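# Structural description and commentary
Listed below, chain by chain, are the residues.
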Amino acid sequence: MEYNLADLFESVVDVVPDREALVYIDHPGTGAERRLTYAELDAAANRIAHHLIESGLRPGEHLGLHLYNGIEYLQTVLACLKARVVPVNVNYRYVEEELVYLYNDADLVALVFDGEFTERVAAALPQTAKLRHLLRVGTAPEGAPEPAIAPVPYADAEAAGSDARGFAPRSADDQFIIYTGGTTGMPKGVMWRQEDLFFAGLFGGEPSGEPVKRPEELAERVAKGGAGITFFPAPPLMHGTSTLTSFVAFNYGQRIVIHRKYTPEDVLRTIEKEKVSSVSLVGDAMLRPLIDALHGPLKGTDLSSLFSISSSGAIMSETVRAQLQALAPHVLLLNNFGSSESGSNGRATDDSGPEKGFRLEVNERTQVVDLVTHEPVPVGVVGRLAQRGHVPLGYYNDPAKTAETFFQKGDERWVLLGDMATVDDDGIVTVLGRGSQCINTGGEKVYPEEVEQALKSHPDVYDALVAGVPDAKWGNHVAAVVQIRTGARQLSLDEIQTHCRTRLAGYKIPRQLVIAPEIQRSPSGKADYRWARTVAADAQP
């Protein structure tokens, strides 16, 4: 047995087959839900895996998952892993041009898609080079054009497939590809060996303790432990964080709850009904509506089962953290930090916030290095976050970007991450922000995340993004795109500047304010800086 995700999952199934593994709830209270034990989920994944093999998919070929959250998403990922087909996440918000790019860039030969996306798939399919097999979950909307390749109904494929295992031997070198969101450019496919992903993204089977030392040890630990933990990955599964959270739960032999789409009120109802232990979200964009619901229509919701709320992929601001802690003082709030290229890097310190910056306790594999020499930077010197050891193989179909981002030092492979940072005498890392989003204004560097933290500490600001806008005098100026809290009064630029002056150096203060009805983010809550830059530039006099 190797560190292969399908092998590891099957080993867990064999020791807790009758334990509940996955609960899907469309809308709480409607009765639209499905529950599968570990044995039932394993059998369901086997059926789709055999269908893929019988349909001619070969080990190493790529299958896209163009789906909302549902049983079928995780079932298909597991099926791919069993059949040694590489699963590839597809952003369901993409329109025709973006889908054509991703389908081709990822060399997809098969696609599993929700019926709602039939028209988009039909439009993109003729422009793809390798797609030859389609599986459709549910039905197409009335009048939607059918794709040129007739989709196989997912339910039919599942019904016809064998529920037995009987697969060829698998390897720790089998791949898992995670496509980045593309909020700062075209999406890139991060290629992981499954063994590396297991240790870097899944904590070696143990997020809070010692990683396993043998693949067989994972199931041995599960057999000795009990049930009782319920994980709730609330963002879309097409966002890497949610899929990896699900596999963390599988490695524990515990239960996962998922919703089709994120609705704060439904999330709270499910926490109460299913006695959820741990919720994962993505930053303020998901947490603020949750807080609003707890103040309003869902006031009094029983959160006593909840042990932790974690945010990754976007920062949980100090303001939101304080509001949430006041509503649920017993809940552990975790600001996790990681990326598609690194897995987990660490967690924010308790004093992380607008005044001291976004401060991290990083794991032993993470360092701040010089961009040229790749050596650790001295205390207080700005460098770039990097991670060593279990890192991806590179970016799929992009050797140039791979060469820029991944490097070898000694016997270890390293990856340069997108964030600039400094380190202090105690080894605490202060993350300044994405280097690609850094604003050069009058020769000074401003990182949007730092300004956003200060903006969101204003009581009337609901959400905010910061971008650099071309400026004849300064080269670029700092522009704030702000969403005002419902019921709050309008804010002026003077008021925003006054508020920020107590928290930021003068050159970081926004010189432009744009009030937007809503901040545009990805379905997972990640910032869309291209949108913010366009909105700010268009609003200039």
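Quick look at the packing of aromatic side chains now. For the coordinates displayed, the defined rule picks out 14 aromatic pairs. Measuring from ring centre to ring centre gives 5.6 Å for Y395 and F406, while their planes differ by 70°; the resulting arrangement is edge-to-face. Here Y395, found in strand β19 (residues 394–395), pairs with F406, found in strand β20 (residues 406–409); they are 11 residues apart in sequence, far enough to count as distant. In this pair, the class of Y395 matches that of F406, namely buried. Among the aromatic residues, those joined into a cluster by ring pairs are F9, Y38, F247 and F250. The lysine or arginine in question, K261, covers the ring of Y68, its NZ or CZ lying 4.5 Å from the ring centre.

What follows deals with empty space enclosed by the protein. Enumeration over the complete set of coordinates arrives at three cavities of 30 Å³ or more. By volume, the largest cavity is sized at about 90 Å³. Along the wall of the largest cavity there are 15 residues; nearest its centre are Y73, N89, F176, I177 and T243. If you list the elements that add at least two residues to the lining of the largest cavity, you get α3 (71–83), β4 (86–89), β8 (175–179) and α9 (240–252). Residues that form the lining of the largest cavity fall into these classes: 11 nonpolar, four polar and no charged.

If you add up the space inside the second largest pocket, you get close to 730 Å³. F203, P207, S344, G346 and R347 are, among the 28 residues lining the second largest pocket, the residues nearest its centre. For the lining of the second largest pocket, the secondary-structure elements that each account for two or more residues are α7 (194–200), α12 (318–327), β14 (332–339), β15 (343–348) and β16 (358–362). For the lining of the second largest pocket, the class distribution of residues is 11 nonpolar, 10 polar and seven charged.

Relative orientation of the contacting elements helix α2 (residues 38–54) and α3 amounts to 60°, with a least axis distance of 8 Å. Comparing their axes, α3 and α2 come out oblique. Between α2 and α3 the crossing geometry is right-handed. Each of L41, D42, A44, A45, N46, I48, A49, L52 and I53 in α2 lies in contact with α3, whose residues at this interface are Q75, L78, A79, C80, K82 and A83. Along the lines of polarity and charge, the residues of the contact of α2 with α3 split into 11 nonpolar, two polar and two charged.

Its location among the elements puts Q387 in strand β18 (residues 383–388). Polar side-chain contacts of Q387 include one of 2.9 Å to the backbone oxygen of S342.

Glancing now at the pattern of salt bridges. One pass over the structure, following the stated rule, counts 40 salt bridges. Measuring nitrogen to oxygen at the nearest pair gives 3.0 Å for the salt bridge that ties E20 to R255. Placement of E20 in strand β1 (residues 20–25) and of R255 in strand β11 (residues 255–259) is noted, with a sequence separation of 235 residues between them. R255 gets classed as buried once you look at its relative accessible area, which sits at 14%. Residue E195 is joined to R193 by a salt bridge in which the shortest nitrogen-to-oxygen separation is 3.3 Å. Taking the relative accessible area as the measure of exposure, R193 reaches 18% and is therefore buried. Counted as one network, the salt bridges with shared partners bring together D7, E10, D14, D42, K82, R165 and R170.

The terminal C-alpha atoms of α3, which comprises 13 residues, lie 18 Å apart, in line with the 18 Å expected from a rise of 1.5 Å per residue. For α3, the tally of buried residues reaches 12 of 13 residues, placing the bulk of the element in the interior. Residues I71, Y73, L74, Q75, T76, V77, L78, A79, C80, L81, K82 and A83 constitute the buried set of α3. Two residues or fewer after α3 comes R84, characterised by a positive phi angle close to 65°.

L5, L63, Y103, F198 and F250 are the most contacted members of the largest nonpolar core, which has 102 residues in total. Residues within four places of L63 in sequence aside, it is in contact with L52, L57, T76, C80, V85, V86, P87, V88, L108, A110 and V112. Of all hydrophobic cores here, the second largest spans 25 residues; its members include V279, M286, L287 and V320.

Of all 11 residues in strand β25 (residues 461–471), nine are buried; the element is thus mostly enclosed. Strand direction decides the pairing type here: β25 and strand β26 (residues 475–484), joined by 10 bridges, are antiparallel. When the sheet's bridge partners are listed, A464 is paired in β26 with V482. Between β25 and the antiparallel strand that follows it, β26, lie three residues.

Calculation notes
- Residues numbered from 1 in each chain as written.
- Predicted model: local features only at pLDDT ≥ 70, side-chain atom pairs only at ≥ 80, totals over all residues.
- Heavy atoms only, no water.
- Phe/Tyr/Trp six-rings, centres within 6.5 Å; stacked < 30°, edge-to-face > 60°.
- Helix = DSSP H or I, 4+ residues; strand = E, 2+ residues; numbered from the N terminus.
- Buried < 20%, exposed > 50% of the residue type's maximum accessible area, 1.4 Å probe, protein only.
- Lys NZ or Arg CZ within 6 Å of the ring centre and 35° of its normal.
- 1 Å grid on protein atoms, 1.4 Å probe; cavity = no way out; pocket = protein on both sides within 12 Å on 5 of 7 lines; lining within 4 Å.
- Points joined across faces, edges and corners; volume = space filled by probe spheres on them.
- Nonpolar A, V, L, I, M, F, W, Y, C, P; charged D, E, K, R; others polar.
- Axes fitted to C-alpha atoms, helices over the stretch in contact; angles between N-to-C directions.
- Parallel < 35°, antiparallel > 145°, perpendicular 65-115°, else oblique.
- Left-handed = near helix turned anticlockwise from the far one by under 90°.
- Contact = heavy atoms within 4.5 Å.
- Polar contact = N/O pair within 3.5 Å; in protein donor to acceptor, adjacent residues only side chain to side chain.
- Salt bridge = Lys/Arg side-chain N within 4 Å of Asp/Glu carboxyl O.
- Expected span 1.5 Å × (residues − 1).
- Core = buried A, V, L, I, M, F, W, Y, C linked by side-chain atoms within 4.5 Å.
- Pairing = 2+ DSSP bridges.

Take it as geometry only, folks, not as evidence of what the structure does.
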